[in-house]
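Fold and geometry: a report
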Amino acid sequence: MAKHSAEVVIEGLKKILIKEKEGMDEEVQGIVEMFMAELQGGMAASHQHDPDAQRLERGFDFFKNKIFDKNPEFFEALAKKQQPRFLVIGCSDSRVNPPTILNFNLGEAFMSRNIGNMVPQFDQLRHAEIGSVIEYAVKHLEVANILVMGHSHCGGIERLMELPDPTLTHDFLDEWVKIGLPAKNKVLEQCNHLGTEEQKRLVEKESVKNSMANLLTYPFVRNAVVNGTITLRGGYYNFDSGTFQQWKLCTKPMP
């Protein structure tokens, strides 16, 4: 399998070289060719002088020795089937890891992370990645909860607040964060007397609610909410104060 995967990568790199050779400078071309040579050699290079590779190995060794090897029955059952109760849509921010913050065990939460923990409206022609995650979680895993988890000092929300900004453009980021425009517009309309930082904190929370509303545009999510089989949840983690807020939307009878 590894050899086959490497061959696929090599073929892709060859196509890049052929297509881009005229416009590619010699240094970049040399790096690509060196990378191809390493792949063809089996990627057996030593990690002795690669501290990041060593960090990955140490991390896995800790997991293997302290967790995996000490819980054989748990991992045997997990290998056969996953039954998470939660789909968590979180931010890609390295400071906000939902399994750590919410103390999820392996198998408890199906995860999707993106810039700004945003959910676009249902559209079969766009955003297939997050759409497929939601669909799989609802239709195949039958999760009981979908949690959209926002956080303080979100870079995606900060970029949303800067738009339109002709001085700096991105290939993907600006179009993506526009999903949160309804949240931004609502806060600016109702709270234009507040300072910029206060507005950002409010938009971070309002964007979570906007994504929760967008989840209802997915027919299979809407049907599950109406039938009472799924609860939509919003969460906001503030890592200044170490607090966590929740909102929820459900049709289940209250206990």
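Owing to the predicted nature of the structure, the values given are computational and were not obtained by experimental measurement.

The next subject is the UniProt feature "binding site: Zn(2+)" (unreviewed entry) in the protein. UniProt annotation of "binding site: Zn(2+)" (unreviewed entry) refers to C91, D93, H151 and C154 when read in the numbering used here. Spatially, the listed residues are clustered: although they cover 64 residues, their C-alpha atoms lie within 9.1 Å of one another. You can see C91 is positioned in strand 1 (residues 86–91). C91 sits in the buried class, given a relative accessible area of 4%. Among all residues touching C91, those that are not within four sequence positions of it are V96, R113, N114, I115, G116, N117, M149, H151 and C154. With respect to the helices, strands and loops of the structure, H151 is situated in strand 3 (residues 145–151). A residue is classified by how much of its surface remains accessible, and H151, at 1% relative accessible area, is buried. Among residues more than four places away in sequence, those in contact with H151 are C91, D93, R95, V96, N117, E204, Y236, Y237 and F239.

This structure, assessed with the given rule, holds 10 aromatic pairs. Look at F86 and F104: their rings are 5.3 Å apart centre to centre, the planes differ by 50°, and that puts the pair in the tilted class. Of the two residues, F86 is situated in strand 1 and F104 in the loop between helix 5 (98–101) and strand 2 (109–114); the sequence distance between them amounts to 18 residues. For F104, a relative accessible area of 15% corresponds to the buried category. Connected via pairs of aromatic rings, a cluster forms that spans F60, F63, F68, F74 and F75.

Its boundaries defined by the atoms lining it, the largest pocket holds a volume of some 200 Å³. Together, P120, Q121, D123, R126, H127, E175, K178, I179, P182, N210 and N214 line the largest pocket. Counted by class, the lining of the largest pocket contains three nonpolar, four polar and four charged residues.

About the criteria used
Residues numbered from 1 in each chain as written. Predicted model: local features only at pLDDT ≥ 70, side-chain atom pairs only at ≥ 80, totals over all residues. Heavy atoms only, no water. UniProt positions renumbered as here; feature names shortened; annotations may be inferred. Helix = DSSP H or I, 4+ residues; strand = E, 2+ residues; numbered from the N terminus. Buried < 20%, exposed > 50% of the residue type's maximum accessible area, 1.4 Å probe, protein only. Contact = heavy atoms within 4.5 Å. Phe/Tyr/Trp six-rings, centres within 6.5 Å; stacked < 30°, edge-to-face > 60°. 1 Å grid on protein atoms, 1.4 Å probe; cavity = no way out; pocket = protein on both sides within 12 Å on 5 of 7 lines; lining within 4 Å. Points joined across faces, edges and corners; volume = space filled by probe spheres on them. Nonpolar A, V, L, I, M, F, W, Y, C, P; charged D, E, K, R; others polar.

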